[in-house]
Amino acid sequence: MLGEEQQERIITHVAPRLDNALDLGCGDGRFAKRLAWTGVDVHAVDKEQKSFDHPNISFTQADLTEITLDDSYDLVLAAFVLHFLTTSQANQVIRLMKQHTRPQGYNALLCMNEGERQSPVNNDESAEPYFYPSMEDLNEIYDDWQVIEQRATQTPLKAHDGLPPHRHDITLFITQNA
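Residues numbered from 1 in each chain as written. Predicted model: local features only at pLDDT ≥ 70, side-chain atom pairs only at ≥ 80, totals over all residues. Heavy atoms only, no water.

### Considering the pattern of salt bridges
Argument step 1. Under the defined criterion, the tally for this structure stands at 8 salt bridges.
Argument step 2. Between Arg34 and Glu8 there is a salt bridge; the shortest N-O distance is 2.8 Å. Here the residue Arg34 occupies a position in helix α2 (residues 30–37), and Glu8 occupies one in helix α1 (residues 4–14), the gap between them amounting to 26 residues.
Argument step 3. With a relative accessible area of 28%, Arg34 lands in the partly exposed category.
Argument step 4. With relative accessibility at 33%, the residue Glu8 sits in the partly exposed group.
Argument step 5. Ionic pairing is found between Asp28 and Arg30, a salt bridge with its closest N-O pair at 3.7 Å.
Argument step 6. For Arg30, a relative accessible area of 27% corresponds to the partly exposed category.
Argument step 7. Connected through salt bridges with shared partners, the residues Glu5, Arg9, Glu149 and Arg151 form a single ionic network. (Salt bridge = Lys/Arg side-chain N within 4 Å of Asp/Glu carboxyl O. Helix = DSSP H or I, 4+ residues; strand = E, 2+ residues; numbered from the N terminus. Buried < 20%, exposed > 50% of the residue type's maximum accessible area, 1.4 Å probe, protein only.)

Here's what the structure looks like:
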């Protein structure tokens, strides 16, 4: 699975310190389920309706660019979702992540990086680009937080989603609200 090693690093590094977590763009719930199995209460959010059969997972169907949150979390996670947003939308979501992270809590980003950068889907060169950050971009966004881990890597050569074998350039970025 895409980013499996990076997901494991997030789980093993921060899960033992958590009471609750917010999984933005939860998809099939891989992270939400893994965290819930460790005893963490997880609020999962996705644009598409999902159903999770676990007492520690609550779900909200919402667009990440329109969601409002009331709670704060020990971990706010966005895994493989920000590249579907324009840079300004992704920055808006990251501001929301930071605002709803408890003191000493964590943000974890698992995202496609600048090596994956593509022009907008509509091929309109004047359109705002999608979010494929460099490590420098992420360090600037989180300049007021403590960086716990930052690592750029390539996924193994693998076919998925009906595509021929290929790699992805991904970044794991874990920060703490210090």
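### Considering the sheet that holds strand β4 (residues 73–79)
Argument step 1. Here we have 7 strands laid out as an open sheet, ordered β3-β2-β1-β4-β5-β7-β6, and mixed in their pairing. Bordering the open sheet on either side are β3 (57–61) and β6 (146–154), each of which pairs with just one other strand. Shown here is a sheet whose adjacent strand axes are inclined to one another by a mean of 15°, direction ignored.
Argument step 2. Note: strand β1 (residues 20–24) against β4, 4 bridges, orientation parallel. Bridging from a neighbouring strand, Ala21 pairs with Leu75 of β4.
Argument step 3. Across the sheet, α2 lies against β1, β2 (41–46), β3, β4 and β5 (101–112), angled at about 170° from β2, the strand it touches most. (Pairing = 2+ DSSP bridges. Axes fitted to C-alpha atoms, helices over the stretch in contact; angles between N-to-C directions. Contact = heavy atoms within 4.5 Å.)

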